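Residue-level structural notes
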Amino acid sequence: MSIEARFRIERIDFLLDVDLNLPIRGITGIFGPSGCGKTTLLRALAGLERCDTGYLRVGDDLWQDNGYFLPTHRRALGYVFQEASLFTHLNVMRNLQYGLRRLDRHRHRVSLDAAIQLLGIGHLLERNAGELSGGERQRVAIARALAVSPRLLLMDEPLAALDLARKHEIMPYLESLHEELDIPVVYVSHSPGEVARLADHLILLDNGRVVSSGDTLETFSRIDLPLARDDKAAALIEATVAGHDDDYNLTYLDFPGGRFTVTRRELPSGHTVRLRVVARDVSLTLAHQKDTSILNIFPTVVEEMIPQGSAQVMIKLSANGVPILARLTRKSAALLDLAPGKAVYAQVKSVALLS
Amino acid sequence: MPTEADFTALAITLQLAAITTLILLLLGTPLAWWLARTRWRYRFVIESVIALPLVLPPTVLGFYLLIALGPNGPIGGLMQTFGWQPLAFTFTGLVIGSVFYSLPFVVQPIQAAFKAVGDRPLEVAATLRASPLDAFFTVAIPLAKPGFLTAAVLGFAHTLGEFGVVLMIGGNIPGETQVLSIAIYEHVEALEYGRAHWLSGMLLVLSFVMLMSLYALNRRFSLFRT
């Protein structure tokens, strides 16, 4: 099962030209700089943006094919807009029921109660839409989109209009959405942190064109993509909780390349977490350093090197098959005589837990 | 004290204003919707035509309507060939004149309200399975409610004060086309200042109360102000 989408949308100073094949499961992130066409692509998937030449098939359902165009209200989708989009003439409950009441009974898959509980908005039902905080409004909007039991949930930067505290408030709900309801999500974002945390599949968009489409972890480790030129370019690593150190209050996280030691998190053993290792926080040594304060040191092999600017070089390492990125000065790389195939030790100064 | 003829004039005036407002809301809503949402580049031509009664002397509008609706006019003549009475100097003729005369006062507030609602709520409704017609009635109209209130009150109040158009196409037939403003004029002409006072006072209070309720209500809705 997949989504097949081909669109060509011409605007006065902009052209979106994409040909995509996406998995219908998990979260697919559409990532790119402002103005790259992310939102236009999402709107085209929803049928809100009309283009004359296009093809869209979601699973077995044909939504668009040149002359054929299924209008938005007949597509089995949910849409969460970037800014508050609640109907201000209705209270929260009426907002939630708006789509539900227009749905054929046999299409009910998500109960309203489940959506209300999942988003934690049970105490808001009688309130007016205009009285809610930004974070509450967006949670209601997500629940409202879920209540129509969509086969595909489209989200256009649902966190962009919120401050950091509100983002952290909503993030766990987005994660549980993914885990508890089996609804595929297409998630547009311009924040590397958000897609790194949420997306399983990642599409990079630039200037109306698809730069890459693939597994999120793999995409982040590709040093030939624009992502790697970001100041905070990072490798994503999946690890499992191996245990805790009660004396020093630490948590051990195992991955195929070794064991990370991080400050303690209350996570059960066996739990899978996603780690983010920023390339500029990784340094390389030829010998295994013993007299260092750095705890996370892994034997690796240099796989690929790409110069960045005139002074720096981005290096992709393989720690027993798991990619780690390191950004060094060109001089350091020359002093260590780095080349693909060379064995080095990667010293990871800091690591962030994403979930 | 006002006489029975004065009360008849009041009744005709209120009836005329009510019928005119009703027709204008029915005709003006789709027109305002179209104007608020069309991307047609010559939309401004239609907007100018609708706004004409704001600047045109009512007698000019009345004169042309009289020509058109009279027995020798294009509409009046056509009606005569079907065996119908021409509309000039009838209550129906007054309604037609009033509809033109008060058109901008109804269309413009509704158009502005629809514009203020914007595309987004309708897109949201579409993603929630509402057809365009469904979304129009359950989202666009409720959200534009303050605009409708303004339109209804302005349309009604403006028709109450109509004088020039009525005089031109309705004449001054007591019990049929004589409205309050013309009755007042008649009283002043006949130097019956006492009766003119009564009628003017009634119109003044009526208009004031209506506008006051409008502003009070619209403050509560707070989406749209005139």
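The next thing to look at is the overall build of chain A. The helix and strand tally for chain A stands at eight helices and 21 strands. Here chain A has a C-alpha radius of gyration of 23 Å; the compact-globule value for 355 residues is 20 Å, and the two agree. Projected onto its principal axes, the C-alpha coordinates of chain A cover approximately 65 × 50 × 35 Å. Taken across its 355 residues, chain A has 54% of its residues classed as buried. Long-range pairs, those at least 24 residues apart, make up 65% of the contacts in chain A with a sequence separation of at least 6. Of the roughly 16100 Å² of accessible surface on chain A, a fraction of 46% belongs to carbon and sulfur atoms.

This paragraph deals with the sheet that holds strand E13 (residues 250-255) of chain A. Residues and elements named next belong to chain A. Taking strand neighbours across the sheet as the criterion, the five strands line up as E14-E13-E12-E15-E21 in an open arrangement whose pairing is antiparallel. The open sheet is flanked by strand E14 (258-263) and strand E21 (352-353), the only strands paired with a single partner. One ladder, built from seven bridges, connects strand E12 (residues 234-245) with strand E15 (residues 272-278); its direction is antiparallel. Opposite Ala-234, over in E15, you have Val-278 as the bridge partner.

So, about the packing of helix H3 (residues 58-69) of chain B against helix H5 (residues 91-117) of chain B. Residues and elements named next belong to chain B. The geometry of H3 relative to H5 is characterised by a closest axis approach of 11 Å and an angle of 135° between their N-to-C directions. By the angle between their axes, H3 is oblique relative to H5. Every pair of crossing elements has a handedness; the one defined by H3 and H5 is right-handed. On H5, the residues touching Pro-58, Leu-61, Leu-65 and Leu-69 of H3 are Gly-93, Ile-96, Gly-97, Phe-100 and Tyr-101. Partitioning the contact of H3 with H5 into residue classes produces seven nonpolar, two polar and no charged.

One widely used convention gives an interface's size as the accessible area the parts lose upon coming together. Taken together, the contact pairs 21 residues of chain A with 18 residues of chain B. Summed over both partners, the interface of chain A with chain B buries about 1700 Å², with 62% contributed by carbon and sulfur atoms. On inspection of chain A and its partner chain B, the count reaches three salt bridges. A salt bridge links Arg-102 of chain A to Asp-134 of chain B; the nearest nitrogen and oxygen atoms lie 2.6 Å apart. Across the contact surface, chain A and chain B share eight residue pairs in polar contact (both at pLDDT 80 or more). If you list the elements that add at least two residues to the side of chain A that touches chain B, you get strand E7 (77-80) and helix H2 (92-100) of chain A. Tallied by class, residues from the side of chain A that touches chain B come to ten nonpolar, six polar and five charged.

Right, let's talk about unusual backbone geometry for a bit. Trans peptide bonds make up the majority, and among non-glycine residues the majority have a negative phi. All names here are of chain A. The backbone of Asn-66 shows a phi angle near 35°, a positive value even though the residue is not glycine. Inspection of the secondary structure puts Asn-66 in the loop between strand E5 (61-65) and strand E6 (68-69). Its identity is not glycine, yet Glu-157 carries a phi of approximately 40°, on the positive side.

Turning next to the nonpolar core. Within the largest apolar cluster, 75 residues are counted, with the highest numbers of intra-cluster contacts made by Phe-7 and Leu-154 of chain A together with Phe-114 of chain B. For this core, the element with the highest residue contribution is H5 of chain B, accounting for twelve residues. When near neighbours in sequence (up to four residues on either side) are disregarded, Phe-114 of chain B contacts Thr-29, Ala-32, Trp-33, Ala-36, Phe-136, Ala-140, Ile-141, Ala-144 and Phe-148 of chain B. Residues Leu-96, Leu-124, Leu-132 and Ala-141 of chain A belong to the second largest nonpolar core, which totals 37 residues.

Residue and element names in this part refer to chain B. Predicted confidence across chain B gives a mean pLDDT of 88, with 96% of residues reaching 70 or more. With pLDDT under 50 throughout, residues 221-226 is counted as low confidence; its partners more than four residues away or in other chains account for 17 contacts. Scored as a whole, the predicted complex attains pTM 0.85, and scored at its interfaces, ipTM 0.86.

All names here are of chain A. In total, this model carries 25 salt bridges over all chains according to the counting rule given. Of the charged contacts, one joins Glu-49 and Arg-11 as a salt bridge, the two residues approaching to 2.6 Å between their closest N and O atoms. Taken as a pair, Glu-49 in the loop between helix H1 (38-46) and strand E4 (53-58) and Arg-11 in strand E1 (residues 2-11) lie far apart in primary sequence, 38 residues in all. In this structure, Lys-38 engages Glu-157 in a salt bridge whose closest nitrogen and oxygen atoms are separated by 3.9 Å. Separated by 119 residues along the polypeptide, Lys-38 in helix H1 and Glu-157 in the loop between strand E8 (152-156) and helix H5 (164-180) bring together distant segments of the chain.

The next point concerns the side chain of Thr-127 of chain B. Along the chain, Thr-127 of chain B turns up in helix H6 (residues 120-127). A distance of 2.7 Å separates the side chain of Thr-127 of chain B from the backbone oxygen of Val-124 of chain B, its partner in a polar contact. Leaving out residues up to four positions away in the same chain, Thr-127 of chain B has contacts with Leu-48, Thr-72, Leu-77, Tyr-79 and Phe-81 of chain A.

Turning our attention to the packing of aromatic side chains. Tallied over the full model, the rule gives 15 aromatic pairs over all chains. Geometrically, the ring pair formed by Phe-255 of chain A and Phe-298 of chain A is edge-to-face, given 5.1 Å between the ring centres and 85° between the ring planes. One end of the pair, Phe-255 of chain A, is in strand E13; the other, Phe-298 of chain A, is in strand E17 (residues 296-308), and 43 residues separate them in sequence. Judged by its relative accessible area of 6%, Phe-255 of chain A falls in the buried class. Through a chain of ring-to-ring contacts, the aromatic side chains of Trp-33, Phe-114, Phe-136, Phe-137 and Phe-148 of chain B assemble into a single cluster. Across the ring face of Phe-69 of chain A, the terminal group of Arg-75 of chain A is positioned such that the distance to the ring centre comes to 4.9 Å. We note Arg-102 of chain A situated over the ring of Tyr-98 of chain A; from NZ or CZ to the ring centre the distance is 3.8 Å.

Time to look at the sheet that holds strand E16 (residues 282-285) of chain A. All names here are of chain A. Taken in spatial order, the five strands of this open sheet run E16-E20-E17-E18-E19, and their pairing is antiparallel. Unpaired on one side and paired on the other, E16 and strand E19 (322-329) mark the two borders of the sheet. On average, each strand axis in the sheet is tilted by 45° relative to the strand beside it, whichever way the strands run. In the sheet, E16 pairs with strand E20 (residues 343-348) via four bridges, with the strands oriented antiparallel. Among the inter-strand pairings, Val-282 is bridged to a residue of E20, identified as Val-348.

Quick notes on the rules
- Residues numbered from 1 in each chain as written.
- Chains lettered and ligands numbered in written order.
- Predicted model: local features only at pLDDT ≥ 70, side-chain atom pairs only at ≥ 80, totals over all residues.
- Heavy atoms only, no water.
- Helix = DSSP H or I, 4+ residues; strand = E, 2+ residues; numbered from the N terminus.
- Rg over C-alpha atoms; globule rule 2.2 N^0.38 Å.
- Buried < 20%, exposed > 50% of the residue type's maximum accessible area, 1.4 Å probe, protein only.
- Contact = heavy atoms within 4.5 Å.
- Areas by Shrake-Rupley, 256 points an atom, 1.4 Å probe, with all protein chains shown as cover.
- Pairing = 2+ DSSP bridges.
- Axes fitted to C-alpha atoms, helices over the stretch in contact; angles between N-to-C directions.
- Parallel < 35°, antiparallel > 145°, perpendicular 65-115°, else oblique.
- Left-handed = near helix turned anticlockwise from the far one by under 90°.
- Nonpolar A, V, L, I, M, F, W, Y, C, P; charged D, E, K, R; others polar.
- Buried area = accessible area lost by both parts, 1.4 Å probe.
- Salt bridge = Lys/Arg side-chain N within 4 Å of Asp/Glu carboxyl O.
- Polar contact = N/O pair within 3.5 Å; in protein donor to acceptor, adjacent residues only side chain to side chain.
- Core = buried A, V, L, I, M, F, W, Y, C linked by side-chain atoms within 4.5 Å.
- pLDDT = per-residue confidence, 0-100.
- Phe/Tyr/Trp six-rings, centres within 6.5 Å; stacked < 30°, edge-to-face > 60°.
- Lys NZ or Arg CZ within 6 Å of the ring centre and 35° of its normal.

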